[in-house]
Amino acid sequence: MSSQGVTVVALLADPDAPTEIAQRMVRTLPARLADKWGQGRRFDVEVVSEPFTAGTEDPATLMRRIMDRGSAENWDIVVALTDLPLHSNGRKLVVDLSHEHALALLSLPPLGGLRLQTRARRAVEEAVLSLAGLRATEAEGPPPSQPLLAPFVSRLAPIHPGPVGEEETADLRYVISGPRDYLRVLLGMVRANRPWRLVPGLSKALAAALATGAIATVNSTIWNLAESLSLPRLVIATVGSVALMIGWLIVDARLWHRSAEVSPEARQRARLYNTSTVVTLGIGVLVCYTGLIVINFVWALFILNDQVFASTTQAPLHAAEYWTLSWFVASVATVGGALGSGLESDEAIRAAAYSKREQERRHALQGDQGDQPSD
């Protein structure tokens, strides 16, 4: 512990989402830590944004990196945050702690996709208080009683200690288990990818979709088709166009992950990454689809003529017709957008679909597979 009742805490965060979470957290974290600890202890918290996970997902290796980084600075406690899902002995890692070296490694995806900021803050608080407790015991006597990582415990993702190897830096490990842990990690990965970024990231595809929608709205054949389609057929058109867009993006930008390893854990990890890709793209494409419906509806209000539409379709142009036409045109425009996405570079699509850590991880995996000799 630092002198004069001050504990210096470093939040070592991967770039992108972990850094943003840490920067928001640091605004209130010192006061919350001091309030929970009591006894006049002050906590100075700083955020250091570094790609400490580059090239590896092994928790033991990452803990050694954090220890080496912390030894070069005047920090009392280091808590590292990453948005990569980490695994240990087939289990999904939540946090590794080394009380001897005052280090913690926190993986954000197991915290889930909802209320991530709050859950991450509570996790960091408990990790810091746990790590500071041993130092305080050695230097000042026992600290106030604190439940170790109690905020992690929930019915959706039970958290319990996991096995730690004798040669590892960590002395305490928490993992998640239970039938819902896969879903929780998946939601956390999708949250880290921030699928809403897909909308501005696919500018050429959106331009093609908007152009297709504008032309389709004034096409009399489209009017007749929209009037003849039942609700189930409209839903099928929506599902088909969205699925086509997702599939095209995955194939064209080579987003599907194929593991070179044959172990069950490697296959499970590959399924997790591929599922997160599909869900991320699905959310992003659905946001685009909803936007197309709104834009097509507004465009139709301005451009369509009641008499011309009625003479062509034998149906009056009311709100229901505007809505049905806009819905069907959105499906047609999405197919046009899928073709337009071919004009996007693979790098642009990956940047729109993945977090920075995930992009670097996939790039490293592709490099490793490319270096392997062929049979």
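These numbers were taken from a predicted model, which means no experiment stands behind them.

1. Some points on the packing of helix α9 (residues 231–252) against helix α12 (residues 319–340)
Reasoning step 1: Contact pair α9 / α12: the axes reach a minimum separation of 8 Å and the direction vectors enclose 20°. Judged by the inter-axis angle, α9 sits roughly parallel to α12. Note on packing geometry: the crossing formed by α9 with α12 is left-handed. Contact residues: Leu231, Leu234, Val235, Ala237, Thr238, Ser241, Val242, Leu244, Met245 and Trp248 in α9; Thr324, Trp327, Phe328, Ser331, Thr334, Val335, Gly337 and Ala338 in α12.
Reasoning step 2: For the contact of α9 with α12, a count of residues per class yields 12 nonpolar, 6 polar and no charged.

2. With respect to the UniProt feature "transmembrane region" (unreviewed entry) in the protein
Reasoning step 1: Feature annotation in UniProt places "transmembrane region" (unreviewed entry) on residues 205–225, 231–251, 272–302 and 322–340, given in this structure's numbering.
Reasoning step 2: As annotated, residues 272–302 has a helix share of 100% and a strand share of 0%, and its two end C-alpha atoms lie 46 Å apart.
Reasoning step 3: In residues 322–340, the share of helix is 100% and the share of strand is 0%. The end C-alpha atoms are 26 Å apart.

3. Quick word on the side chain of Thr82
Reasoning step 1: Tracing the backbone shows Thr82 in strand β3 (residues 77–82).
Reasoning step 2: The class of Thr82 is buried, set by a relative accessible area of 0%.
Reasoning step 3: Separated by 2.7 Å, the side chains of Thr82 and Asp14 make a polar contact.
Reasoning step 4: Looking at Thr82, its side chain comes within polar contact range of the main-chain nitrogen of Leu84, at 3.2 Å.
Reasoning step 5: Residues within four places of Thr82 in sequence aside, it is in contact with Asp14, Pro18, Phe52, Thr53, Leu105, Leu106, Ser107, Leu108 and Pro109.

4. Re a nonpolar patch on the surface
Reasoning step 1: A contiguous nonpolar surface patch, about 410 Å² in accessible area, is contributed by Val294, Val298, Leu301 and Phe302.
Reasoning step 2: Looking at where Phe302 falls in the secondary structure, it is placed in helix α10 (residues 264–303).
Reasoning step 3: According to the relative accessible area criterion, Phe302 is exposed, its value standing at 71%.

Quick notes on the rules
- Residues numbered from 1 in each chain as written.
- Predicted model: local features only at pLDDT ≥ 70, side-chain atom pairs only at ≥ 80, totals over all residues.
- Heavy atoms only, no water.
- Axes fitted to C-alpha atoms, helices over the stretch in contact; angles between N-to-C directions.
- Helix = DSSP H or I, 4+ residues; strand = E, 2+ residues; numbered from the N terminus.
- Parallel < 35°, antiparallel > 145°, perpendicular 65-115°, else oblique.
- Left-handed = near helix turned anticlockwise from the far one by under 90°.
- Contact = heavy atoms within 4.5 Å.
- Nonpolar A, V, L, I, M, F, W, Y, C, P; charged D, E, K, R; others polar.
- UniProt positions renumbered as here; feature names shortened; annotations may be inferred.
- Buried < 20%, exposed > 50% of the residue type's maximum accessible area, 1.4 Å probe, protein only.
- Polar contact = N/O pair within 3.5 Å; in protein donor to acceptor, adjacent residues only side chain to side chain.
- Patch = residues over 30% accessible without salt bridge, like charges linked within 9 Å, V, L, I, M, F, W, Y side chains within 5 Å.
- Areas by Shrake-Rupley, 256 points an atom, 1.4 Å probe, with all protein chains shown as cover.
- Salt bridge = Lys/Arg side-chain N within 4 Å of Asp/Glu carboxyl O.

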